[in-house]
Amino acid sequence: MKEVKKSIPKIDGIGLLKGRPAYTMDFAAKDSLVIKILRSPHAFARIKNIDTKKAEYLPNVKCVLTYKNVPRNIVTRAGQGYPEPSPHDKFILDEYVRYIGDEVAVVAAEDEETALKALKLIEVEYEVLEPVLDFEKAEGHKSIIHPEKECHEMFPIGFNPTKNIAAEYNMHYGDVDEVLKGCEYVVKKTYYTHAQAHVTMEPHCSYSYMDIHGRINIISSTQTPYHVRRIVAEALGIPIEKIRVVKPRIGGGYGGKQALHGEFYTALITSITGRPSKLEYTRQEVFESSYTRHPMKIDVTMGADKEGNIKAIDMHILSNTGAYAEHALTVFMVAGSKTLPLYNKAEAVRFGGKVVYTNHTPAGAYRGYGAIQGNFALESTVDELSKMCNMDPVDFRAKNMIREKETSPIFRIMGEGTEGVDMIVESCKLDYCLDRAKEICGYEYKKKNNKSSDKVRGIGCAIAMQGSGIPAIDMGSALIKLNDQGFFNLLVGATDIGTGSDTILAQIAAEGIGVGVDKIIVYSSDTDLTPFDCGAYASSTTYVSGNAVRKAALKMRDMIIEEGAKQLGCSAMDIEFDGNMIKTKDGKEITLKELSTNLFYSKNQKQLISCESFCGEVSPPPFLTAFAEVEVDTKTGKVDLVDYTVVVDCGTPINPALARVQVEGGIVQGIGMTLFEDVKYAENGKLLNSSFLTYRIPTRMDIGKINVEFAESYDPTGPYGAKSVGEIGIDTPPAAIANAIYNAVGVRITKLPIKAEDILKALKEKEK
Amino acid sequence: MKIFLKINKKDMEFDIKGSETVYDILKSINITSVRKSCDSGVCGLCTVLLNGKPIPSCSYLAAKADGGHITTIEAVEEEAEKFGRFMNEEGAVQCAYCTPGFVLTVMSMKDNLKNFDDESINKYLVGNLCRCSGYQGHLRAIKKYLGVAE
């Protein structure tokens, strides 16, 4: 491997660092109409009357939209493949508003000042309805959040809007109740996970203009340009061929930009006015009116025999999807499907529950979705059970966890919204990861730290798995074009959202063709010009898009050899290609530069293009082992994270430096979620902390030391052995930190975020 | 009101409204590298240097900067690239929306900080938030750039 497993600099890194124009708003025309949105002050209401006349009278206002004058087509904004596993429950604008921050009206004006002034002149009379704000009371509440007759599921997902149920799912294998009865040790716990905000540094934004052919061009800060094209066409009721979507550089996504946010409005305003239009969310809008992570209540029962073998796991979840059900079913299912296979020797497993609507900011995709919630519950329970079995929690994991060449019935039973696929885990270095991480962090010594002072240190472990794309659903494709003088264009639909995927895909292409990465020019994410890709989500790009690139590169290599053979007058069998020279055994040769220039201008003229697609038959899980070391102040309950050590099996890291930063970045978001990030709502349903002053994300002073290492691993189905790495880093901090706190002071925290007051309270109760 | 600013070594005169910020001024002359994110002056993205010291341009009144010298990354590209190569080698340039402001603060830190130990570095840069990188790659790159890597 010459070009992969190599830390080359990100191809766009220096340009971005210098602040060159690269992001959506950098491309908005100066004469763009400025779009502003009037948002609901009520958690649940019906618009009785809306009068926009005064706003429209303002000379510089071009257009005011309300539910009365926009197309009424119900869609899901989730940004998933088709048919979506999320119910269709969202109109461009509706007479019902379902959370504080929901869209009431849209204004387009010549300038921002006028647009803001116009918002104030719109007169709305609301019929205020009783909101549903406690997700444990949502099912069967007298307020029905989606009374509209048009809302529907695309295939059975247990959708029952009359009971505020967005989705329901249940599965089992073995007889859980019976096996639990026979267990020597049984732990039963309830966990609560909370809403976390994505906090992308670039606010959600979209810009549209109409081209000379009357087509709407949308430049958007999105993770899913192809889904945006499809869903905008569906919502606006216009032919899909009238829309082009381009993703420029993106200022952070983490799942929050998988869905559509401003695209409906810029596309519609541009289609009505013919003018370019732009919409950039304010920071308050990003917090209140985009997405959060799904809060969940998770009940886990787990049983083991006398020898410490996990025999049964029962996981029951109630998930809160907020006002719209984007990713409702899938996030909830992943809480089981990306955690339960870790303990694949259990004889009986049951998983199920419901996802309910509430009148809160909608929940949506967020890095590690479902897995982080499920991991907190499962890995905390594993620690509890190990204690009951009188075993060291790390040894207990080693005894029960999944190993290479094993499988789990879960893979077959649970997919994302549908059935899963059967799979043998071809690469799993979890055993190495556990041993190595234990060694790096000094576990054996640190677990026995002196626990008697005011500031007590403790160490805790958690293991995790993810997937690599959604098998049999997610598809990526790549097109490679040979140019004169021997350089290549790599066109991919894959969506680099800052992760460096353009760079690692160039490395895979270079490796496949056999040339240097400097010969590969990448162009990505343009629905008119690049081949299809589902987008950047579900840890798919390296594995799914990467496999497509590898196939296209190998095909291009074959084409070069074939054309070289023709020009040298011999059989392709007799050709060797070293990336520069195409030569025969008997000494005839031509350089790639000469061959490609000949192909354009002088001999056997033709354009060489290879295009390949990939849709995974399996989704090989990356694995990770984490150890958190904390210091707990027993006088105040304050927790400081001292050290966080992980060892990751992501197969071959195509670019180890970029892979490492993916893991480090994920860990820090997970630490934020565990220790202080917390979306809070007032009693009336208003999101309280909608600024950086009140919603704190980790600074560089908050996180202690982070150690990341990779295991030597190779997945035979991955491009050059690679699996995914984008999400797995975020999965373990809640459980590892909670387990470390338990090791330090002997209290079990079951609710996120872990607050000093909860620890202090638990310590007081323990003293009693 | 009229103010004078030297922006990236060029003297300029502006006729401003009292509420205009340094950020507004920079946008009016099409400087793209300065970006806004938090709307509250705490994220560090809109950082520029005023007389060599970092300020949050989105909440710094232009009138207050009257007579001062503003530097954006466009004026220190060579040095930025020098540091940038270390950042890029570490994979620490991620979405990069925060990076220009962060790099300017690093430039200022290089001139103004006396001890380049981890804690002092992190403290100096604490106002520059990044949601992608987890900060570890930043620190590795900074230490190599300053020649203090272990």
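Owing to the predicted nature of the structure, the values given are computational and were not obtained by experimental measurement.

**Q** So, the overall build of chain A: which residues are in play, and what are the values?
**A** In terms of helices and strands, chain A carries 19 helices and 26 strands. Each of the three principal axes of chain A carries a C-alpha extent, and together these read 90 × 75 × 45 Å. For chain A, the proportion of its 768 residues judged to be buried stands at 61%. Expressed as a percentage of contacts within chain A between residues at least 6 apart in sequence, the contacts between residues at least 24 apart total 80%.

**Q** Kindly report on the overall build of chain B, identifying the contributing residues and their values.
**A** Across its full length, chain B holds five helices and five strands. If you list the helices and strands of chain B from N to C, you get β-β-α-β-β-β-α-α-α-α. Relative to the compact-globule value of 15 Å for 150 residues, chain B shows a C-alpha radius of gyration of 15 Å, a close match. Projected onto the principal axes, the alpha-carbon positions of chain B cover approximately 50 × 25 × 25 Å. Across the 150 residues in chain B, those meeting the buried criterion constitute 50%. Contacts in chain B between residues at least 24 apart in sequence constitute 63% of all its contacts with a sequence separation of at least 6.

**Q** An account of helix α5 (residues 225-236) of chain A is requested, with residue identities and associated values reported.
**A** Working note: α-helix, 3.6 residues per turn, so residues spaced by three or four point in the same direction. All names here are of chain A. Under the 1.5 Å per step criterion, the end-to-end length of α5 is 16 Å for twelve residues, consistent within 8% with the ideal 16 Å. Burial within α5 is extensive, with ten of its twelve residues counted as buried. For α5, the full list of buried residues reads Pro-225, Tyr-226, His-227, Val-228, Arg-229, Arg-230, Ile-231, Val-232, Ala-235 and Leu-236. Contacts made by the buried residues of α5 are with β10 (216-220), β11 (243-246) and α6 (263-273).

**Q** Give a description of the sheet that holds β10(A) that names residues and reports values.
**A** Residues and elements named next belong to chain A. Strand order in this open sheet of seven strands is β3-β5-β1-β12-β9-β10-β11, and the pairing throughout is mixed. Each edge of the open sheet carries a strand with a single partner, namely β3 (61-65) and β11. For this sheet the average axis-to-axis angle between neighbouring strands, irrespective of direction, equals 20 degrees. Of the strand pairs in this sheet, β10 and β11 are connected by four bridges, and their pairing is parallel. Across the sheet, residue Ile-218 finds its bridge partner in β11, namely Val-245. With respect to the sheet, α5 is in contact with β10 and β11, its orientation differing from that of β11 by roughly 150 degrees. The strands that α6 touches are β1 (33-39), β3, β5 (103-109), β9 (205-210), β10 and β12 (277-280); relative to β9, the one it contacts most, it runs at about 20 degrees.

**Q** Lay out the nonpolar core with the relevant residues and their values.
**A** Residues and elements named next belong to chain A. Ranked by internal contacts, the top residues of the largest apolar core, which has 290 residues, are Val-107, Leu-490, Ala-509, Val-648 and Ile-741. With ten residues, helix α17 (residues 656-675) is the largest single contributor of residues to this core. If we skip the residues at most four places from it in the chain, Val-648 touches Cys-433, Pro-622, Leu-624, Val-663, Val-708, Phe-710, Ala-711, Val-725 and Ile-728.

**Q** Explain the sheet that holds strand β17 (residues 475-482) of chain A to me, using residue names and the numbers behind them.
**A** The pairing of strands in a sheet happens through backbone hydrogen bonds and is either parallel or antiparallel. Residues and elements named next belong to chain A. With mixed pairing, the four strands of this open sheet are ordered in space as β19-β18-β17-β23. Each edge of the open sheet carries a strand with a single partner, namely β19 (520-524) and β23 (609-615). Between one strand axis and the next, the sheet turns by 20 degrees as a mean value, whatever way the strands run. As judged from the seven bridges shared by β17 and β23, these two strands associate in the antiparallel manner. The partner of Lys-481 across the bridge, within β23, is Ile-609.

**Q** Kindly report on the domain arrangement of chain B, identifying the contributing residues and their values.
**A** All names here are of chain B. Domain parsing of chain B yields domain 1 (2-74) and domain 2 (76-145). Here the C-alpha centroids of domain 1 and domain 2 sit 21 Å apart. If you look at the interface, domain 1 gives 16 residues, while domain 2 gives 16 residues. Breaking the side of domain 1 that touches domain 2 down by element, the ones donating at least two residues are β3 (47-50) and β4 (53-56). Of all the elements, β3 adds the most residues to the side of domain 1 that touches domain 2, at three residues. For the side of domain 1 that touches domain 2, a count of residues per class yields eight nonpolar, five polar and three charged.

**Q** Kindly report on the UniProt feature "domain: Aldehyde oxidase/xanthine dehydrogenase a/b hammerhead" (unreviewed entry) in chain A, identifying the contributing residues and their values.
**A** The UniProt feature table records "domain: Aldehyde oxidase/xanthine dehydrogenase a/b hammerhead" (unreviewed entry) at residues 18-130 of chain A. Measuring from the first to the last C-alpha atom of residues 18-130 of chain A gives 51 Å, for a span that is 13% helix and 30% strand.

**Q** How would you summarise the environment of Ser37(B) if you had to cite specific residues and measurements?
**A** Tracing the backbone shows Ser37(B) in the loop between α1 (22-28) and β3. Given 26 C-beta atoms within a 10 Å radius, Ser37(B) is considered buried. For the pair Ser37(B) and Tyr60(B), spaced 23 residues apart in sequence, the C-alpha separation works out to 15 Å. Sequence-distant contacts of Ser37(B), that is, excluding residues within four places in its chain, are made with Met201(A), Pro203(A), Cys43(B) and Leu45(B).

**Q** Explain the domain arrangement of chain A to me, using residue names and the numbers behind them.
**A** Residues and elements named next belong to chain A. For chain A, the domain assignment lists domain 1 (13-129 + 204-280), domain 2 (296-470 + 618-767) and domain 3 (475-615). Using C-alpha coordinates to define each centre, domain 2 is positioned 39 Å away from domain 3. If you look at the interface, domain 2 gives 19 residues, while domain 3 gives 18 residues. Partitioning the side of domain 2 that touches domain 3 into residue classes produces eight nonpolar, nine polar and two charged.

**Q** How would you summarise the pairing of strand β2 (residues 10-15) of chain B if you had to cite specific residues and measurements?
**A** Residues and elements named next belong to chain B. With respect to burial, β2 is a largely exposed element, only zero of its six residues being buried. Note: strand β1 (residues 2-7) against β2, six bridges, orientation antiparallel. Across the sheet, Lys-2 pairs through a bridge with Asp-15, a residue of β2. What sits between β1 and β2 in their antiparallel hairpin is a turn of two residues, with Asn-8 showing a positive phi close to 50 degrees.

**Q** Talk me through the interface of chain A and chain B; I want residue IDs and the actual numbers.
**A** With 45 residues of chain A at the interface, the matching set in chain B holds 41 residues. The set of elements that each furnish at least two residues to the side of chain A that touches chain B consists of α1 (13-17) and α17 of chain A. Broken down by element, the residue count for the side of chain A that touches chain B peaks at eight residues, all from α17(A). Here the side of chain A that touches chain B is built from residues that sort into 22 nonpolar, 14 polar and nine charged.

**Q** For unusual backbone geometry, give the residues involved together with the corresponding values.
**A** All names here are of chain A. The linkage connecting Tyr-82 with the following residue, Pro-83, adopts the cis geometry, with an omega of -5 degrees. Relative to the elements of secondary structure, Pro-83 occurs in the loop between β3 and β4 (96-97). The peptide bond linking Leu-752 to Pro-753 adopts the cis configuration, its omega dihedral lying at -10 degrees. Within the chain, Lys-405 stands out as a residue other than glycine whose phi angle is a positive 70 degrees. Positive phi outside glycine occurs at Gln-485, with the angle close to 70 degrees. Structurally, Gln-485 can be placed in the loop between β17 and β18 (488-492).

**Q** Lay out the packing of helix α8 (residues 328-337) of chain A against helix α9 (residues 371-388) of chain A in plain terms, naming residues and giving numbers.
**A** Residues and elements named next belong to chain A. In contact at an axis separation of 7 Å, α8 and α9 are set at 40 degrees when each is read in the N-to-C sense. By the angle between their directions, the pair α8 and α9 is classed as oblique. Helix-helix and strand crossings are classified by hand; for α8 and α9 the assignment is right-handed. Between α8 and α9, the residues in contact are Val-334, Ala-335 and Gly-336 and Ala-371, Gln-373 and Gly-374, respectively.

**Q** Outline the environment of Lys635(A), listing residues and values.
**A** Residues and elements named next belong to chain A. Within the secondary structure layout, Lys-635 lies in the loop between β24 (623-633) and β25 (639-649). Judged by local crowding, Lys-635 falls into the exposed class, with 10 C-beta atoms found within 10 Å. Residues Lys-635 and Asp-454, spaced 181 residues apart in sequence, show a C-alpha to C-alpha distance of 6.4 Å.

**Q** Which residues make up the pairing of β12(A), and what values go with them?
**A** All names here are of chain A. Because side chains alternate across β12, one face comprises the buried residues Ser-277 and Leu-279, and the other comprises Lys-278 and Glu-280, equally buried. Pairing of β9 with β12, which is carried by four bridges, proceeds in the antiparallel orientation. Paired with Tyr-207 across the bridge in β12 is Lys-278.

**Q** I'd like to hear about the packing of α9(A) against helix α10 (residues 393-400) of chain A, residue by residue, with values.
**A** All names here are of chain A. As a packed pair, α9 and α10 sit with axes 9 Å apart at the nearest point and diverge in direction by 105 degrees. The angle between the axes of α9 and α10 places the two elements in the roughly perpendicular class. Taken together, the residues of α10 that come into contact with α9 (itself represented by Val-382, Asp-383 and Ser-386) are Pro-393, Phe-396 and Arg-397. Partitioning the contact of α9 with α10 into residue classes produces three nonpolar, one polar and two charged.

Basis of the calculations
Residues numbered from 1 in each chain as written. Chains lettered and ligands numbered in written order. Predicted model: local features only at pLDDT ≥ 70, side-chain atom pairs only at ≥ 80, totals over all residues. Helix = DSSP H or I, 4+ residues; strand = E, 2+ residues; numbered from the N terminus. Buried ≥ 20, exposed ≤ 12 C-beta atoms within 10 Å, placed from the backbone. Contact = placed C-beta atoms within 7 Å. Rg over C-alpha atoms; globule rule 2.2 N^0.38 Å. Expected span 1.5 Å × (residues − 1). Pairing = 2+ DSSP bridges. Axes fitted to C-alpha atoms, helices over the stretch in contact; angles between N-to-C directions. Core = buried A, V, L, I, M, F, W, Y, C linked by C-beta atoms within 7 Å. Domains from an automatic or database assignment. Nonpolar A, V, L, I, M, F, W, Y, C, P; charged D, E, K, R; others polar. UniProt positions renumbered as here; feature names shortened; annotations may be inferred. Parallel < 35°, antiparallel > 145°, perpendicular 65-115°, else oblique. Left-handed = near helix turned anticlockwise from the far one by under 90°.

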